[in-house]
Amino acid sequence: MSVAETRLKEFGLNLPPDWTPRGQFLPFRRDGKVIYLSGQICEWDGAVTHIGPVADTEDDIALAQKAAQICALNLLYRLRQACDGDLDCVASVLRLGGFVNCVAGFGATPQVINGATEVFVACFGENGWHARTAVGVSGLPGNAAVEVDAIVRLRD
């Protein structure tokens, strides 16, 4: 098991079981040392775990942060595939894009996507910090509450 996966376990996190993508796309695309990861929703074992829209309440924001965490674990699963099973070959997480299926006027998208950021920092330490976008949208696949995509650089 990689150091990165051991760190996840220390935080009580596990990678999901495999699943079939909902559309016709590649789960990742590699260009040299850069991996572009397709957006992942808060889906576990084929079922959406958190449904949108997210309302501007403490409880909804906390649940949406958990949804973002699941998105990040799904991204790490696909990243591990892109790295031939070894997450320790990741040099840095360059960027996350976060999308929150929310009510109009929702202003807490950054707090929601923090759930994903925390997973990447737990997994990769300082190398998990990244540039980021967090936007509110009116719908996502499967009516999921959150979707996150990522760009990652591998070690030389």
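This text follows the structure it describes.
Below is a summary of the structure that appears in this document. Sequence order as written defines residue numbering, which begins from 1 separately in each chain. Under the rules for a predicted model, residues below a pLDDT of 70 receive no local features and side-chain atom pairs below 80 are neither given nor counted, while totals for whole chains, interfaces and linings still include all residues. Heavy atoms from the whole structure form the basis of all side-chain values; hydrogens and water molecules are not counted.

### Comments concerning the overall build of the protein chain
A run of H or I in DSSP becomes a helix once it reaches four residues, and a run of E becomes a strand once it reaches two; helices and strands are each numbered from the N terminus. Within the protein chain, the regular secondary structure consists of 3 helices and 7 strands. The C-alpha atoms of the protein chain give a radius of gyration of 15 Å, which matches the 15 Å a tight globule of 156 residues would have. Across its three principal axes, the protein chain shows a C-alpha extent of roughly 45 × 35 × 25 Å. In this scheme, a residue with accessible area under 20% of its type's maximum is buried, one over 50% is exposed, and one in between is partly exposed, where area comes from a 1.4 Å probe on protein chains only. For the protein chain, the proportion of its 156 residues judged to be buried stands at 46%. Partitioning the intrachain contacts of the protein chain with sequence separation of at least 6 by distance along the chain shows that 80% fall at a separation of at least 24. Of the charged side chains in the protein chain, 13 are positive and 18 negative; the average position of the first set lies 7 Å away from that of the second. For the radius of gyration, the atom set is restricted to C-alpha positions; the globular benchmark scales as 2.2 Å times the number of residues to the power 0.38. The contact criterion used is simple: two residues touch if any of their non-hydrogen atoms lie within 4.5 Å. We treat Lys and Arg as the positive residues and Asp and Glu as the negative residues; His and chain ends play no part in the count. Charge positions come from single atoms, namely NZ of Lys, CZ of Arg, CG of Asp or CD of Glu.

### Describing the packing of aromatic side chains
We call Phe, Tyr and Trp rings a pair once their centres come within 6.5 Å, taking the six-membered ring for Trp, and we label the pair stacked below 30 degrees between planes, edge-to-face above 60, and tilted otherwise. Under the criterion given, the structure shown has 2 aromatic pairs. On the basis of an interplanar angle of 45° and a centroid distance of 5.3 Å, the ring pair of Trp19 and Tyr77 is categorised as tilted. Here Trp19 is found in the loop between α1 (3-10) and β1 (28-31), whereas its partner Tyr77 is found in helix α2 (residues 58-82), with 58 residues between them in sequence. Pair check on accessibility: Trp19 and Tyr77 agree, each one buried. Across from the ring centre of Trp19, 4.0 Å away, lies the NZ or CZ of Arg78, which sits over that ring. Only Lys NZ and Arg CZ are tested; either one counts as a charge over a ring when it is within 6 Å of the ring centre and within 35 degrees of the ring normal.

### Things to note about the pairing of strand β2 (residues 34-41)
Strands pair, by our definition, only if DSSP identifies at least two bridges between them. With 4 bridges joining them, β1 and β2 adopt antiparallel strand pairing. Bridge pairing links Arg30 to Ile35 in β2. Where β1 folds back onto β2 in an antiparallel hairpin, the turn is made up of 2 residues, including Gly32, whose phi is positive at roughly 65°. The pairing of β2 with strand β7 (residues 146-154) spans 6 bridges and is antiparallel. From the neighbouring strand, Ile35 faces β7, where its bridge partner is Val152.

### With respect to α2
Given 3.6 residues per helical turn, the α-helix brings residues three or four places apart onto the same face. In this scheme, a helix's expected span is set at 1.5 Å multiplied by one less than its residue total. The first and last C-alpha atoms of α2 sit 36 Å apart over 25 residues, in line with the 36 Å expected at 1.5 Å per residue. Asp84 occupies a position one or two residues after α2 and carries a positive phi of about 55°.

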